[in-house]
Amino acid sequence: MTEDQIQQLRSRATELLIREEWNESIQICTQLISLCESQIEDLNSELFFKIRKALALAYSNRAESWAKLKNVDLALSDCDSALAIENTHFKTLMCKGKILLGLHKYRLASDCFKLGLLESQANGNAEEINGCLEKCKRLDLLSKSGVIDLSSWVLSGFKGRIPELGEYISPVEISRSEISGRGLFAVKNVEVGGVMLVTKAVAVARGVVPELSENGQLVIWSSFVEKVMKCVENCSQVRCLVSFLSPGEDEDELEVPDIDMHRHESELSQSAITSVEKSKILSLLDVNSMVESVAPAKVLGTNGGLYGVGLWVLPSYINHSCCPNVRRLHVGDHVIVAASRDIKAGEELTFAYFDVFTPLPKRRMMLGAWGFECRCRRCQFEEGIASKMEMSEIEIGLERGLESGNVVFKLEESMKKWNLRGKEKGFCRASFWSAYAGTYGCERMMRKWGRLIPPKEVVVESVADAVGGDERILAVAVEGMKSGGTAYGGAAMVDLERAFKLGRGIFGKTMKKQAMKSLLSRAWS
Ligand SMILES: C[S@@+](CC[C@H](N)C(=O)[O-])C[C@H]1O[C@@H](n2cnc3c(N)ncnc32)[C@H](O)[C@@H]1O
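Because the structure is predicted, anything quoted here is derived from the model rather than measured.

Asks: Explain the overall build of the protein chain residue by residue, including any values.
Replies: A tally of regular secondary structure across the protein chain gives 23 helices and 11 strands. Its C-alpha atoms give the protein chain principal-axis dimensions of roughly 100 × 50 × 45 Å. When each of the 525 residues of the protein chain is scored for burial, the buried share is 51%. A sequence separation of at least 24 residues applies to 69% of the contacts in the protein chain between residues at least 6 apart. When the accessible surface of the protein chain is summed, it comes to about 25,300 Å², and 52% of that surface belongs to carbon and sulfur atoms. For the protein chain, the distance from the average position of its 67 positive side-chain charges to the average position of its 69 negative side-chain charges is 8 Å.

Asks: Which residues make up the sheet that holds strand β10 (residues 334–339), and what are the values?
Replies: The strand order β1-β4-β10-β9 describes an open sheet built from 4 strands, whose pairing is antiparallel. If you trace the sheet from one side to the other, it starts and ends with β1 (168–169) and β9 (326–331), each paired once. For β1 and strand β4 (residues 195–200), the ladder comprises 2 bridges, and the chain directions are antiparallel. For Ile169, the partnering residue across the bridge sits in β4 and is Leu197.

Asks: Describe the site of the ligand, and please don't skip the residues or the numbers.
Replies: Looking at the ligand, there are 17 residues lining it, with Arg182, Glu251, Ser316, Asn319 and His320 nearest. Here a nitrogen atom of the ligand sits 2.9 Å away from a polar atom, N or O, in the side chain of Glu251. Of all the secondary-structure elements, those providing two or more residues to the shell around the ligand are α11 (278–288) and β8 (319–320). A breakdown of the residues in the shell around the ligand according to their chemical character gives 6 nonpolar, 8 polar and 3 charged.

Asks: Give me the environment of Gln5: which residues, what numbers.
Replies: Locating Gln5 in the fold gives a position in helix α1 (residues 2–18). Since its relative accessible area comes to 32%, Gln5 is described here as partly exposed. Spatially, the C-alpha atom of Gln5 lies 44 Å from that of Val242, the residues being 237 residues apart in sequence.

Asks: Mind laying out the packing of aromatic side chains, listing which residues take part and the relevant values?
Replies: Taken as a whole, this structure holds 10 aromatic pairs when the rule is applied. Plain terms: the ring middles of Tyr353 and Trp370 are 4.5 Å apart, the flat faces sit at 45° to each other, and that makes the pair tilted. Placement of the pair is Tyr353 in the loop between β11 (350–351) and α13 (360–370) and Trp370 in helix α13, with a sequence separation of 17 residues. Every member of this aromatic cluster is reached through a ring pair, and the members are Tyr353, Trp370 and Phe372. Just above the ring of Phe351 sits the side chain of Arg328; from NZ or CZ to the centre is 5.7 Å.

Asks: Explain the nonpolar core residue by residue, including any values.
Replies: The biggest cluster of nonpolar side chains holds 77 residues, and the ones touching the most others in it are Phe113, Leu184, Met196 and Leu197. Looking at which element gives the most residues to this core, the answer is helix α5 (residues 90–102), with 7 residues. When residues of this core are assigned to domains, at least three map to each of domain 1 (3–145) and domain 2 (162–351). Residues within four places of Leu184 in sequence aside, it is in contact with Val172, Glu173, Ile174, Leu197, Ile259, Leu314, Tyr317, Ile318, Glu347, Glu348 and Leu349. Ranked by size, the runner-up nonpolar core spans 64 residues in total, among them Cys379, Val459, Val467 and Ala515.

Asks: Which residues make up the domain arrangement of the protein chain, and what values go with them?
Replies: Domain parsing of the protein chain yields domain 1 (3–145), domain 2 (162–351) and domain 3 (360–524). Computed from C-alpha coordinates alone, the two centres of domain 1 and domain 3 are separated by 57 Å.

Asks: Let's hear about the packing of helix α6 (residues 106–117) against helix α7 (residues 126–145): which residues, and what values?
Replies: When two helices pack together, their arrangement is given by the angle between the helix axes and the distance between those axes. Closest axis-to-axis distance for the α6/α7 pair is 9 Å, and the angle between their directions is 160°. With respect to α7, the axis of α6 lies roughly antiparallel. Once α6 is placed against α7, the crossing between them reads as left-handed. Listed contacts from α7 to Tyr106, Arg107, Ala109, Ser110, Phe113, Lys114 and Leu117 of α6 are Ala126, Ile129, Asn130, Cys132, Leu133, Cys136, Leu139, Asp140, Ser143 and Lys144. Residues that form the contact of α6 with α7 fall into these classes: 10 nonpolar, 3 polar and 4 charged.

Asks: Lay out a positive patch on the surface in plain terms, naming residues and giving numbers.
Replies: Judged by side-chain charge, Lys68, Lys70, Lys200 and Lys230 come together as a positively charged surface patch. Take Lys70: it is sitting in the loop between α3 (45–68) and α4 (72–85). Judged by its relative accessible area of 59%, Lys70 is exposed.

Asks: A description of the pattern of salt bridges should follow, citing residues and the corresponding values.
Replies: Under the defined criterion, the tally for this structure stands at 39 salt bridges. Across the pair Arg62 and Asp78 runs a salt bridge whose closest N-O atoms are separated by 2.7 Å. Here Asp78 lies in helix α4 and Arg62 lies in helix α3, a separation of 16 residues in the sequence. Look at Arg62 and you get buried, because its relative accessible area is 14%. You can call Asp78 buried: its relative accessible area is 4%. Residues Glu373 and Arg375 are paired through a salt bridge, measuring 3.9 Å at the closest nitrogen-oxygen approach. Residue Glu373 is classed as exposed on the basis of its relative accessible area of 62%.

Asks: I'd love a proper account of the sheet that holds strand β6 (residues 290–291), names of residues and values included.
Replies: The strand order across the open sheet built from 3 strands is β5-β7-β6, with neighbouring strands paired in antiparallel fashion. Each of the sheet's edge strands pairs with one partner strand only, and the pair in question is β5 (203–208) and β6. Bridge count for β6 against strand β7 (residues 306–311) is 2 bridges, and the pairing is antiparallel. Bridge assignment links Met290 to a residue of β7, and that residue is Gly310.

Asks: Quick rundown of a negative patch on the surface? Include the residues and the values.
Replies: A contiguous patch of negative charge on the surface is contributed by Glu249, Asp250, Asp252 and Glu253. Within the secondary structure layout, Asp252 lies in the loop between α10 (236–243) and α11.

Asks: Requested: an account of the packing of helix α9 (residues 214–234) against α10, with residues and values cited.
Replies: Here α9 crosses α10 at 110°, and the two axes come no closer than 5 Å. One finds that α9 runs roughly perpendicular with respect to α10. Contact residues: Cys231, Val232, Glu233 and Asn234 in α9; Ser236, Val238, Arg239 and Val242 in α10. Its residues placed into classes, the contact of α9 with α10 shows 4 nonpolar, 2 polar and 2 charged.

The rules behind these values
Throughout this description, residue numbers start from 1 for each chain and increase along the sequence as written. With pLDDT at 70 or above as the cut-off, local features in this predicted model cover only qualifying residues; side-chain atom pairs require 80 or more to be listed or tallied, and sums for whole chains, interfaces and linings still use all residues. With hydrogens and water excluded, all non-hydrogen atoms of the structure serve as input to the side-chain values. Only DSSP runs of H or I reaching four residues or more are called helices, and only runs of E reaching two or more are called strands; each is numbered from the N terminus. Only protein chains enter the calculation, and the probe is 1.4 Å; a residue is then buried if its accessible area is under 20% of its type maximum, exposed if over 50%, and partly exposed in between. It only takes one pair of heavy atoms within 4.5 Å for two residues to be counted as in contact. Per-residue and other accessible areas were derived by the Shrake-Rupley procedure at a 1.4 Å probe size, with only the shown protein chains allowed to occlude residues. Counted as positive: Lys and Arg. Counted as negative: Asp and Glu. His and the chain ends are not counted at all. To locate a charge, take atom NZ for lysine, CZ for arginine, CG for aspartate or CD for glutamate. Any two strands between which DSSP finds at least two bridges are classified as paired. When we say a residue is near a molecule or strand, we mean one of its heavy atoms is within 4 Å of it. For the purposes of these results, a polar contact is taken to be a pair of N or O atoms within 3.5 Å, where, inside protein, one atom must be able to donate a hydrogen and its partner to accept one; residues adjacent in sequence count only when each atom of the pair is a side-chain atom. Each residue gets one of three labels, nonpolar for Ala, Val, Leu, Ile, Met, Phe, Trp, Tyr, Cys and Pro, charged for Asp, Glu, Lys and Arg, and polar for the others, Gly among them. Only the six-membered ring of Trp is used, alongside the rings of Phe and Tyr, when aromatic pairs are assigned; centres must lie within 6.5 Å, and planes under 30 degrees apart are stacked while those over 60 apart are edge-to-face, with the rest tilted. Charges are assigned to positions over rings by a cutoff of 6 Å between ring centre and Lys NZ or Arg CZ, combined with an angular limit of 35 degrees from the ring normal. Side-chain atoms within 4.5 Å are what join buried Ala, Val, Leu, Ile, Met, Phe, Trp, Tyr and Cys residues into a set we call a nonpolar core. Where each domain begins and ends is defined by an automated method or by a domain database. In this analysis, axes come from line fits to C-alpha atoms, helices being fitted only over the stretch in contact, and the angle between any two N-to-C directions falls in the range 0 to 180 degrees. Here the angle decides the label: under 35 degrees means roughly parallel, over 145 means roughly antiparallel, 65 to 115 means roughly perpendicular, and every other value means oblique. Left-handed describes a crossing whose near helix is turned anticlockwise from the far helix through less than a right angle; right-handed describes the clockwise counterpart. In this analysis, a patch consists of residues with relative accessible area above 30% that form no salt bridge, clustered at 9 Å for like charges and at 5 Å for the nonpolar side chains Val, Leu, Ile, Met, Phe, Trp and Tyr. Within this document, salt bridges are pairs made up of a side-chain nitrogen of Lys or Arg and a carboxyl oxygen of Asp or Glu, the two lying within 4 Å of each other.

The structure is reproduced here in structure tokens:
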């Protein structure tokens, strides 16, 4: 009788799995598990082995259903129950390997696939298992080296699948920040373009939003909140990491988490945090979620027309500066954080939370919405010159439609008068970048003002040095290169090397020169 019941439930569970009815399949597997467990105590040996087999399969099937529903904790727990009964259970090893791969635990995943490969059932699945093993190896290497190569994807014109990325953490640490709360700090010197982090989103929601209507954004936002809630509920690893993020208040009281907690091979205590309230999640998301940056996506030809909002945990420790030293590049659900200029060991990593080419009064307005005041070197410097008469004349001139060449001329003359040097000039030029771009990009304007203002290569380099790489600086820099002219007035090779350096400040060291060249040509076409 019991045998028949078990057989019936098994067939029903298999049918539901095939039909991808995960919730129903979980119900049937749960019934099957209870039945098997109630029978397993006092059985003659033949039936005992049969029931154990059915029990292992029921746990395995339920694990698969939980995994499909993205309930990672329950899926892993069922895998472990199945493996405790039969430690080489093929189906379970495959299921556990895939879950661990999704959690970026490449070596543990690889151990499961290797064990699976030894089983007789591997014969018909060898290609798939070897593919998984290959993927573990590739991503493990990336997670150790940070070496990313998007070249073939870039050269193919972004056709085909988005390159698969793993998670990577360069030598950085989380420490108390003088800016606010905790921040992320470089432990070693990093050259422009150096990849600092590669992080997969906890969740990301995207949609085509016609003209970015507020309503459309709201719909995407609520789907994003739902996705994050689900991940937090279903994965203790995510729950633990998310619970350390800043709610935006009393940041100096917040605990400083160990960076190693974010290395996915490390084991997190499963029971550390059992739940996080929705209201807390909402305030964490207000402070830490990021909109996928549109500009590099446009150049990369990806995500065009899409509005995307996501949560990437480790990048959430990066504070804002108006003269930042890192930038982010979105590739699929991953964000690559790379140095947008050279960074010294001990320096805090900073993003610009909004466009760096914004004059001080507008930056203050935007920061008002964020709820904090920026005290970065650039803001402090620009506050010092804000009351100068020439500065008000330039701002008023710009507002009233003064010719951009004239704005640039007046600013350059004022900077000479104020005896500015080094980065200070770059800060001012960045704040009035639109006037510089308008002047260098217009032949008529250059005929009129060209001899009275600095050559564009001087301006390009001072702005990149002050606020880091930006595709708009690159566009001005490479203008004229295609037609045989030289952007920098020197030999073409030198021009190209400088353009590559600017490109690395935007896209990071993520591709070979040939691919970067094709991106540069997009910028100048
Ligand atoms: C994404 S978090 C950055 C990491 C945060 N400091 C922490 O301890 O987790 C963003 C929050 O950090 C603070 N913050 C970031 N940049 C700042 C700045 N330049 N000045 C003051 N507060 C800043 C603000 O409270 C902001 O809401």
